[in-house]
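A closer look at the structure
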Amino acid sequence: MASLSASLKTDNFARRVAAPLRNGHLTVIVPAYNERESIADTLHSLQGQTRLPEKIVVVDDCSTDGTGDVARMLDVSVVRPASNTGSKAGAQNVALQLIDTEFTMAIDADTTLAPDAIEKLLQAFDDSTVAAACGFVIPRFVNTLWERARYVEYLLAFTWYKPIQDYYRKPLISSGCFSMYRTSVLKQHDGWQTRTLAEDMDLTWSLHEHGYDVRFVPEAVCYPIEPHSFAFMSTQLRRWSHGFLQNVRLHWRAVLEVPYLRVFVMVAAWDAIFASLAYVVLIPLLVVFLSMPVLLLAYFIDLPLVMIPVVVTARKRKEVRKAIVSLPCFLVLRLLNSYFILEAFVSEFILKRSFNTYLKGH
């Protein structure tokens, strides 16, 4: 790759680090394709951390909007491959081969961090068995129907499901928008794979299968920009749905050998397929053929259970009104989720037509 001949020099920003990070040196990778509008916020949030990374490397994946120029003006290293890599995993791997620090962090170019996010996340690596750690994800903007839906979805997932998974040190996924890794382990696994559309899930399950721990640190908070429209949300959900099922097909034998992880994967797969069938197919059919509109209440039967963790966390964030107003939006997103997971199941397992085109969802 011709453009990689440019050395990964220590940028001026890194020279401002007064002392090594208490757990070792850190390089942050920011993969970016046409992220001119958001990348400055991401870099500013990295440069304002209570624990500064030694290096920040932006992989300008052949952007056409001047993303790389914006990054250079903010005093970070920029690497541009000779041609577009075709995926976030490919872009991150471009930088990974140049990294020699003990830790590597990957963050999306539309994501900002709470000021102490890196400091909090690093604490997980005091345990030598930990190979990766991720933080709490909350949408940066909560305005449109789809942003509100994702806001509730994240409050539920990161307040209820993720802590349970972390108790057994088996999070289903170390979130691709903001995660940290031991560089040596990351390189042993050849970085992020491009064999599925969910490279973060693929890597997480591979780490579990090789006996490493993955941790969830709720105190380390990040704020990605979530899809604001039906078109962008549909693109993202299609990629996520196919990516999840591709990983199930790829890893199922190995996952069966990992205690607790196998349970979480089976529950997630069961919920994804059978709950979706109920939402999209069974309930509407029963309503029509039995002429019983009252059965539509089944869509709301678990709403109280959803509300409890959502409202509890929203109260801590002083956002109770926002959470309650956003709950109906979550029900809409759940139906859309069901449609896309069923579409992916039919495509991947019945028609044997794997979807492999990486499309941005924001």
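All of the points below concern the structure found in this document.

1. A closer look at the pattern of salt bridges
For the coordinates displayed, the defined rule picks out 17 salt bridges. One salt bridge in this structure joins K322 and E319, with 3.8 Å as the shortest N-O distance. Classification of K322 as partly exposed rests on a relative accessible area of 28%. Members of the salt-bridge network, linked through shared partners, are K88, D108 and E199.

2. Re the pairing of strand β2 (residues 55-60)
Most of β2 sits out of view: 6 of its 6 residues are buried. The alternating pattern of β2 places K55, V57 and V59 on one face and I56, V58 and D60 on the opposite face, and all of these are buried. Bridging between strand β1 (residues 26-32) and β2 involves 6 bridges; their strand directions are parallel. The residue of β2 that forms the bridge with P31 is V59. The β-α-β motif built from β1, the intervening helix α2 (residues 39-47) and the parallel element β2 has right-handed crossover chirality. Here β2 runs beside strand β3 (residues 77-79); their pairing, made up of 3 bridges, is parallel.

3. Considering the packing of helix α9 (residues 230-255) against helix α10 (residues 261-290)
Helices that pack against each other are described as a pair by the angle of their axes relative to one another and the distance between those axes. Relative orientation of the contacting elements α9 and α10 amounts to 145°, with a least axis distance of 11 Å. Here α9 runs over α10; the crossing is left-handed. On α10, the residues touching F244, L245, V248 and V255 of α9 are L261, R262, V265, A268, A269, A272 and I273. For the contact of α9 with α10, the class distribution of residues is 10 nonpolar, no polar and 1 charged.

4. Some details on the packing of α9 against helix α12 (residues 320-350)
Relative orientation of the contacting elements α9 and α12 amounts to 45°, with a least axis distance of 8 Å. Between α9 and α12, the interaxial angle falls into the category oblique. Where α9 crosses over α12, the handedness of that crossing is right-handed. Packed against α9, whose contacting residues are F230, M233, S234, L237, R238, S241, H242, F244, L245, Q246 and R249, the element α12 presents L333, L336, N337, F340, I341, E343, A344, F345, S347, E348 and F349 at the interface. Its residues assigned to classes, the contact of α9 with α12 comprises 12 nonpolar, 6 polar and 4 charged.

5. Observations regarding the side chain of T183
Along the chain, T183 turns up in helix α7 (residues 183-188). T183 sits in the buried class, given a relative accessible area of 4%. Side-chain polar atoms of T183 contact the backbone oxygen of T101, separated by 2.8 Å. For T183, the residues in contact, after removing those within four places along its chain, are L96, I99, T101, E102, F103 and T104.

6. Observations regarding the nonpolar core
Ranked by internal contacts, the top residues of the largest apolar core, which has 54 residues, are V30, L43, L46 and M105. Sort the elements by how many residues they give to this core and helix α6 (residues 145-167) lands first, with 6 residues. If sequence neighbours within four positions are ignored, V30 has contacts with I39, T42, L43, L46, I56, V57, V58, V59, I107, D108 and A109. The next biggest cluster of nonpolar side chains, apart from the first, holds 20 residues, and it includes V57, A89, L96 and V214.

7. A closer look at the environment of L295
The residue L295 is located in the loop between α10 and α11 (303-316) in this model. Here L295 falls in the partly exposed class, since its relative accessible area comes to 26%. Setting aside residues no more than four positions away along its own chain, L295 makes contact with I283, L286, V287 and L290.

Rules and cut-offs
- Residues numbered from 1 in each chain as written.
- Predicted model: local features only at pLDDT ≥ 70, side-chain atom pairs only at ≥ 80, totals over all residues.
- Heavy atoms only, no water.
- Salt bridge = Lys/Arg side-chain N within 4 Å of Asp/Glu carboxyl O.
- Buried < 20%, exposed > 50% of the residue type's maximum accessible area, 1.4 Å probe, protein only.
- Helix = DSSP H or I, 4+ residues; strand = E, 2+ residues; numbered from the N terminus.
- Pairing = 2+ DSSP bridges.
- Right-handed = clockwise from strand over helix to strand, strands pointing away.
- Axes fitted to C-alpha atoms, helices over the stretch in contact; angles between N-to-C directions.
- Left-handed = near helix turned anticlockwise from the far one by under 90°.
- Contact = heavy atoms within 4.5 Å.
- Nonpolar A, V, L, I, M, F, W, Y, C, P; charged D, E, K, R; others polar.
- Parallel < 35°, antiparallel > 145°, perpendicular 65-115°, else oblique.
- Polar contact = N/O pair within 3.5 Å; in protein donor to acceptor, adjacent residues only side chain to side chain.
- Core = buried A, V, L, I, M, F, W, Y, C linked by side-chain atoms within 4.5 Å.

Nothing here speaks to function; it is all geometry.
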